[in-house]
Amino acid sequence: MRLLWQFFQRFLRFKRPLTLGILCIPLAQLADIGVTLTIGSAIDGLEGATDRGFLVGLLALLAILALVHSVFRYFQRWLIVVVSRRFEVELKQDLFDKLTSLSFDFHNKSRSGDIVSRLTSDVENLRMFLGPGLMYSLGAVVIVPISIGLLFTMEPALALTMVLPMVLMGLAMKAFSPQLHRYSVAVQESLADISHRAQENFAGIRVVKGYNREDQQARLFGETSETNRVNQIRLASVRGKTHAAIHLANNLTFVAILVIGGMGLVDRNLTNGDLLIFIDLTFKVFWPLIALGWIAGMAPRALASAQRVDELLRTESDIQEPRVPDPRDTFEGALELEGVGYTYAGAERPALSGVDLTIPAGSTVGIVGPTGSGKSTLLNLIGRLFDAEGEIRLDGVPIRNLRLPALRGALGYVPQDSFLFSETYADNIRFGADEDLDEPELRRLIDRACMTEEVAEFPQDIETLIGERGVSLSGGQRQRTCIARALARDPRILVLDDCLSAVDTETERRLIAHLREEGESRTVILAAHRLNTVRDSDQILVLDENGAVEDLGTHDELVQKDGWYGRTWAQQQRQEELSEL
């Protein structure tokens, strides 16, 4: 329960509305009890009444008490539920901020469906337990002892009949609590599995359809849903038993009231008004207790959710800000790599090792090598998306000593996967800029990315929605749009990770020419499979299949050697000649 207490402390930060809401609870409950006592007294008064005059005052008193009860009940719900919604918003924001701060390594190992489940259903479970749960609990704390005290004052023997059913209810709730917790955890995990499988299939719907695997994936989704159904039924079964025990206790109490109370009426030891008060106060005792049973059933789910949310909040990123960061936030763009390497978690060998490279500011460097040689890894290390072995320096300062916003703000990064948001075409380009871009600048960037003709054919021009992940664009269009987005921030270092692979040869030539013009004042680092893409670079780094440096030089120097670059260049030239025939 320590975890729940930690989240409850977050909930208590909203002191003013929460205090006002809590103060409304006893006022609403006391007014409710007042209505019961007034009606009971009125029934007894009617037995000996000779005129109707007293009814006017009675109705006025009942109207006032009912109004007070309604108003304070409304405000208790309004204030406390509003606090629970504010708690929900802040907790979701904290989780989102945490997720965006975590490293690639965390996201590579996590399932998106599980993350979404923690952001949605787990937070909702906590909100319900801490918001409505608190409101119902405090209502029970107020009305139950007052009602029981009044019952004992009226008829002690009859009031004692309530004790045994309440004890039975408490024992039942204690007995079922371990099962409630176990099945609640299972339900939350199976819900996360459903979210993950659905998200993965919708994101990869082209692959699913391309391989004609709709039936297979539907079957797997059905199996996951079946697991969730079984867990939900088990949880519902235990919760049903808990509710049955509570209602059984409630019904047993009314059996005693009818028997003992009926005998009291026959013996004239109990008036009609007293019996009505006794029955109504019994309802007022047991309905809060039933609500407490609902809260007790919710507590295991809230605890399971608290554990999952807390686990995420406590996760620390592998990439940490320096304790005493270098204050600079503007750079020339000179890079030095000394003994740089990286080994992925669980890998048998390094993805990259022993890379030494000096990149003068404003120069262009090509990075090539066979598939799996570590080109993308090297580019990721420059922006500290992973922490490198060895040392990388930017303008002479180790990048570990730079603030992450300053380091990454100096980079314009175009990854291999060409990810776009499900927004308008213009908004996807604006995403790269720190300040809003006017339309002329947007048009210039689109021209630099060789997309002017294609954008002119879009239904709403630059305001066209491009679909989730840019699904309405071709691969080459997505790559060029990502280049325009990177140029939008006017970076000192432009990092291009094989982002021309889906572009035809002629467009590639135009685009490289534009990038060369844009890159006159900035450093450009370009990884590619097609060697034509990097042939005009100031220097070209060749990595071997083990992630080590095989060679370094200009295009003219490398083609003269009998190495991977020379052989691959000759092969690609022959392929181009054959494609032109």
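Scroll up to find the structure.
Note that the structure is a prediction, hence the values are computed from the model and not measured.

Asker: Quick question: what am I supposed to make of the sheet that holds strand β5 (residues 397–398) here?
Answerer: Where strands meet in a sheet, backbone hydrogen bonds hold them as pairs that are either parallel or antiparallel. Taken in spatial order, the four strands of this open sheet run β2-β1-β4-β5, and their pairing is antiparallel. Of all the strands in the sheet, just β2 (352–359) and β5 have a single pairing partner and so form its edges. Bridge count between strand β1 (residues 335–342) and β2: five bridges; the pairing is antiparallel. By the bridge assignment for β2, Val-340 is matched with Val-355.

Asker: Got a minute to help me understand the pairing of β1 in this structure?
Answerer: As a general feature of sheets, a regular strand has side chains that alternate between the two faces. As defined by bridge partners, β1 adjoins strand β4 (residues 389–394) across five bridges and the pair is classed as antiparallel. Following the sheet pairing, Leu-335 is matched in β4 by Leu-394.

Asker: Would you explain a nonpolar patch on the surface in this entry?
Answerer: A cluster of nonpolar side chains, namely Leu-67, Val-71, Tyr-74, Phe-75, Trp-78 and Val-82, defines an oily patch on the protein surface of about 580 Å² accessible area. Along the chain, the position of Trp-78 falls in helix α3 (residues 53–101).

Asker: In this structure, what is going on with the side chain of Lys-375? I would like to understand it.
Answerer: Considering the arrangement of structural elements, one finds Lys-375 in helix α12 (residues 375–382). Buried and without a salt bridge, Lys-375 has Asp-498 as its closest oppositely charged side chain, separated by 6.7 Å. Here the side chain of Lys-375 touches Pro-370 through a polar contact of 3.3 Å, landing on its backbone oxygen. In this structure, Lys-375 is in contact with Ile-367, Val-368, Gly-369, Pro-370, Ala-527, Ala-528, His-529 and Leu-543, ignoring residues within four places of it in sequence.

Asker: I would appreciate a short explanation of unusual backbone geometry in the present structure.
Answerer: Working note: non-glycine residues mostly have negative phi, and peptide bonds are mostly trans. Phi is positive for Cys-450, close to 60°, though the residue is something other than glycine. Its identity as a non-glycine residue notwithstanding, Asp-490 has a phi of 50°, on the positive side. Position of Asp-490 relative to the elements: it lies in the loop between α17 (475–487) and β7 (493–497).

About the criteria used
Residues numbered from 1 in each chain as written. Predicted model: local features only at pLDDT ≥ 70, side-chain atom pairs only at ≥ 80, totals over all residues. Heavy atoms only, no water. Pairing = 2+ DSSP bridges. Helix = DSSP H or I, 4+ residues; strand = E, 2+ residues; numbered from the N terminus. Patch = residues over 30% accessible without salt bridge, like charges linked within 9 Å, V, L, I, M, F, W, Y side chains within 5 Å. Areas by Shrake-Rupley, 256 points an atom, 1.4 Å probe, with all protein chains shown as cover. Salt bridge = Lys/Arg side-chain N within 4 Å of Asp/Glu carboxyl O. Buried < 20%, exposed > 50% of the residue type's maximum accessible area, 1.4 Å probe, protein only. Lys, Arg positive; Asp, Glu negative; His and termini not counted. Polar contact = N/O pair within 3.5 Å; in protein donor to acceptor, adjacent residues only side chain to side chain. Contact = heavy atoms within 4.5 Å.

As far as function goes, none of this settles anything; it's purely spatial.
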